[in-house]
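Working through the structure, step by step
Residue-level listing of the chains:
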Amino acid sequence: MKRPPGWASICAPSGCGPRTDTRLAVALAGRDPDAHTERGHALRADYLRLLALGLPPSRAELILGTGDPGAWRGDDPAFAAACDAVSAASAPYGSLKPMRLTPERVARFLEELRTPGTTVLAAAAAVGVSDAAIYQRRTRDSEFAKAMDAARAEAKQAM
């Protein structure tokens, strides 16, 4: 089997290369992941990933060890638009704290669940908790499970 150029550096990535999965995808596409243009594409993809995690641009630049991704924005309007869209869609890093299922949230959740056509996921999101937290509570608390069943029954009757 003929391996694409740069294969050895993928199997044992150097400290200065981008993420291995990006390099592997480039190599599997038959291109050299160490080529200047491919390295630039990989860095831009990693920069967008970091922005999607909610990191500020300055922190993303520091993590990637790049000089100035802000220059990329000026060179490529599509990349600038992607950066703006990703930053707008992601919550600031560290701002999301686990939300507790307080009695007030339980009451609001059950009220949301009584609305016809509302799913557990939608009702949980409306009160700021995960559906996993709801189902864990349902498993542990039989009274909560009964209240959920009653709310669902009310929603079905209202349909």
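Structure's up top.
On a predicted model such as this, the values are computed, not experimentally measured, just so you know. (Residues numbered from 1 in each chain as written. Predicted model: local features only at pLDDT ≥ 70, side-chain atom pairs only at ≥ 80, totals over all residues. Heavy atoms only, no water.)

1. Overview of the overall build of the chain
Secondary structure assignment for the chain yields 10 helices and zero strands. Considering only contacts in the chain between residues 6 or more positions apart, those separated by 24 or more positions represent 47%. Counting only carbon and sulfur atoms, one obtains 58% of the accessible surface of the chain, whose full area is about 10000 Å². (Helix = DSSP H or I, 4+ residues; strand = E, 2+ residues; numbered from the N terminus. Contact = heavy atoms within 4.5 Å. Areas by Shrake-Rupley, 256 points an atom, 1.4 Å probe, with all protein chains shown as cover.)

2. So, the packing of helix H8 (residues 120-127) against helix H9 (residues 131-140)
With their axes 8 Å apart at the nearest point, H8 and H9 run at an angle of 105 degrees to one another. Between H8 and H9, the angle falls in the class roughly perpendicular. On the side of H8, the interface is formed by Val 120, Leu 121 and Ala 124, while H9 contributes Asp 131, Ile 134 and Tyr 135. Looking at the contact of H8 with H9 residue by residue, the classes come out as five nonpolar, no polar and one charged. (Axes fitted to C-alpha atoms, helices over the stretch in contact; angles between N-to-C directions. Parallel < 35°, antiparallel > 145°, perpendicular 65-115°, else oblique. Nonpolar A, V, L, I, M, F, W, Y, C, P; charged D, E, K, R; others polar.)

3. Notes on the nonpolar core
Grouped together as the largest cluster of nonpolar side chains are 14 residues, with contacts concentrated most on Phe 109, Leu 110, Leu 113, Ile 134, Phe 144 and Met 148. The set of elements that each furnish at least two residues to this core consists of helix H7 (103-113), H8 and helix H10 (142-158). Once residues within four sequence positions are removed from consideration, Leu 113 is found in contact with Thr 118, Thr 119, Val 120, Ala 123, Met 148, Ala 151, Arg 152 and Ala 155. In this structure, Leu 43, Leu 50, Leu 55 and Ala 60 belong to the second largest nonpolar core, which totals nine residues. (Core = buried A, V, L, I, M, F, W, Y, C linked by side-chain atoms within 4.5 Å. Buried < 20%, exposed > 50% of the residue type's maximum accessible area, 1.4 Å probe, protein only.)

4. Comments concerning the environment of Ala 89
Within the secondary structure layout, Ala 89 lies in helix H6 (residues 77-89). Along the sequence, Ala 89 and Leu 51 sit 38 residues apart, while their C-alpha atoms lie 9.5 Å from each other.

5. Some thoughts on the packing of aromatic side chains
Within the structure shown, the criterion is met by two aromatic pairs. Aromatic pair Tyr 47 and Phe 79: ring centres 6.0 Å apart, planes at 40 degrees, arrangement tilted. Here Tyr 47 is found in helix H3 (residues 36-52), whereas its partner Phe 79 is found in helix H6, with 32 residues between them in sequence. An identical accessibility class is assigned to Tyr 47 and Phe 79; each is buried. Ring centres of Phe 109 and Phe 144 lie 6.0 Å apart, and the angle between their planes is 35 degrees; this geometry places the pair in the tilted category. In this pair, Phe 109 sits in helix H7 while Phe 144 sits in helix H10, placing the two residues 35 residues apart along the sequence. Each member of the pair Phe 109 and Phe 144 is classed as buried. Between Arg 44 and the ring centre of Phe 79, over which it is positioned, the NZ or CZ distance is 5.2 Å. Geometry around Phe 144 places Arg 137 over its ring, the cationic atom sitting 5.4 Å from the centre. (Phe/Tyr/Trp six-rings, centres within 6.5 Å; stacked < 30°, edge-to-face > 60°. Lys NZ or Arg CZ within 6 Å of the ring centre and 35° of its normal.)

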